[in-house]
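# Geometric and topological summary
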Amino acid sequence: MTTLLGRRTRVLAATTATAGLVLLTACTSSDDGGSGSKTAAGGVELVKAGQLTTCTHLPYPPFQSEIDGKVQGFDVALIDLVADELDVKQEILDTPFENFKTGAFLNSGECDLAAAGMTITDERKKNVDFSDPYFNATQAVLVAKGSGVGSLADVKSKNVKLGAQAQTTGEDYVKGQGFDPVSFESSDAVLNGLRTGQVKAVVIDYPVVQGWLKDKANADAFEVAEQIDTGEEYGFTVKKGNTKLREAVDKALADAKADGTYKELYEKWIGPYDESAASPAAS
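Keep in mind the model is a prediction, meaning the values are calculated, not measured.

### Quick word on the packing of aromatic side chains
- Evaluation of the coordinates by the stated rule reveals 14 aromatic pairs.
- Between F63 and F135, the aromatic rings sit 5.6 Å apart at their centres with planes inclined by 80°, giving edge-to-face as the arrangement. Of this pair, F63 sits in the loop between β2 (51–56) and β3 (65–67) while F135 sits in strand β8 (residues 135–144), and the two are 72 residues apart along the sequence.
- A relative accessible area of 2% means that F135 is categorised as buried.
- Here the aromatic residues Y60, F63, F74, Y134, F135, Y234, F236, Y262 and Y266 are joined through ring pairs into a cluster of three or more.
- Positioned over the ring face of F179 is K156, at 5.0 Å from the centre of the ring.
- When the ring centre of Y262 is taken as reference, the NZ or CZ atom of K257 above it lies at 5.2 Å.

### Focus on helix α10 (residues 243–259)
- Counted at 1.5 Å a residue, the expected span for α10 with its 17 residues is 24 Å, and the 24 Å between its end C-alpha atoms agrees.
- Every buried residue of α10 is listed here: L245, A248, V249, D250, A252, L253 and A256.
- Of the surrounding elements, those touching the buried residues of α10 are β2, α1 (74–86), β6 (113–114), β13 (237–239) and α11 (261–269).
- The positive-phi residue at the C-terminal boundary of α10 is G260, with phi of around 90°.

### So, the pattern of salt bridges
- Applying the stated criterion to the full structure yields eight salt bridges.
- Of the charged contacts, one joins E123 and K126 as a salt bridge, the two residues approaching to 3.2 Å between their closest N and O atoms.
- Among the residues examined, K126 registers a relative accessible area of 57% and is labelled exposed.
- Overlapping salt bridges, with partners in common, bring together E85, K251 and D255 in one network.

### Some words on the nonpolar core
- L52, F74, L86 and F135 are the most contacted members of the largest nonpolar core, which has 46 residues in total.
- For this core, the secondary structure elements donating two or more residues are α1, β8, α7 (187–195), β11 (201–205), α8 (206–213), β12 (222–234), α10 and α11.
- For this core, the leading source of residues is α1, giving seven residues.
- When sequence neighbours within four positions are dropped, the list of residues in contact with L86 reads A40, A41, V44, L46, L52, L245 and A248.

### Points about the confidence of the model for the chain
- Confidence along the chain averages 85 in pLDDT terms, with 84% of residues attaining 70 or more.
- Note on residues 1–35: pLDDT is under 50 here. Beyond four places in sequence and across chains, it has 78 contacts.

### Things to note about the state of the cysteines
- Inspection of every chain in the model, using the stated rule, returns one disulfide.
- One disulfide in the model links C55 with C111; its S-S distance is 2.0 Å. Around the S-S axis, the bridge from C55 to C111 shows a dihedral of about 70° and counts as right-handed. Placement of the pair is C55 in strand β2 and C111 in the loop between α3 (104–107) and β6, with a sequence separation of 56 residues.
- According to the relative accessible area criterion, C111 is buried, its value standing at 3%.

Criteria and cut-off values
- Residues numbered from 1 in each chain as written.
- Predicted model: local features only at pLDDT ≥ 70, side-chain atom pairs only at ≥ 80, totals over all residues.
- Heavy atoms only, no water.
- Phe/Tyr/Trp six-rings, centres within 6.5 Å; stacked < 30°, edge-to-face > 60°.
- Helix = DSSP H or I, 4+ residues; strand = E, 2+ residues; numbered from the N terminus.
- Buried < 20%, exposed > 50% of the residue type's maximum accessible area, 1.4 Å probe, protein only.
- Lys NZ or Arg CZ within 6 Å of the ring centre and 35° of its normal.
- Expected span 1.5 Å × (residues − 1).
- Contact = heavy atoms within 4.5 Å.
- Salt bridge = Lys/Arg side-chain N within 4 Å of Asp/Glu carboxyl O.
- Core = buried A, V, L, I, M, F, W, Y, C linked by side-chain atoms within 4.5 Å.
- pLDDT = per-residue confidence, 0-100.
- Disulfide = S-S within 2.5 Å.

Below is the structure:
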């Protein structure tokens with residue numbers, strides 16, 4: 001995986017790019033790479049000419065993960081629609097998740113938008129502008145089969161060691177319920193912590209668990225003890241004040257829901273189409 005300037009930053013080709021990994025040289029927002037204007041369709045200003053640069057945090061299946069040398073997933077496919085709207089290609093920059101709370105990579109001109117299965121919160125709205133919600137998300141408690149744990153209440157009463165992904169609303173939720181969870185950097189690390197017995201239960205977004213349980217080995221070993229409706233909605237983010245790009249994202253989402261593309265992508269990456277999850281109210 002390519003590293004830029006020694007940082008934990010990786011740039012990967014999205015589904016619209018050619019197969020393999022694509023290196024983007026570090027540049028300022030004034031560098032167009034000699035490829036022409038950075039103004040896309042609709043007057044949207046981009047940080048690099050000819051491409052929509054998306055910040056994400058890998059892996060987070062089924063929303064974004066590297067498959068066969070390309071980053072793919074539900075979020076990736078939806079942002080590809082935005083890129084099509086702007087007549088550019090999408091390029092993906094893998095960054096630490098904490099940057100999504102602060103909007104750091106948007107403010108520094110390294111990314112146009114962020115797509116990372118991110119919950120819309122009032123705290124995050126202080127730093128970034130959210131698109132319309134595109135997905136209703138619940139949290140899930142995942143445990144080993146035969147564990148005897150049937151709920152988050154059981155986790156507490158039986159003093160079961162709990163894990164969660166760092167800097168996520170799932171972690172925030174369980175901390176608010178009085179837990180002191182083991183924090184893992186990525187969703188893969190969360191699942192590995194459960195596999196290896198570092199923790200006996202984990203709390204993470206239910207769609208992620210759905211993706212895990214598509215694998216027979218995981219389905220044979222683990223089960224959902226409880227789904228917790230925390231009222232969360234996912235949104236994509238842009239730099240505060242970037243109204244034209246936010247509107248382009250909202251238009252692509254609305255068009256996809258109207259013409260059936262959203263449903264097709266949902267069924268491909270998430271599972272059986274859930275009307276309530278797929279039709280959140282505008283934020």
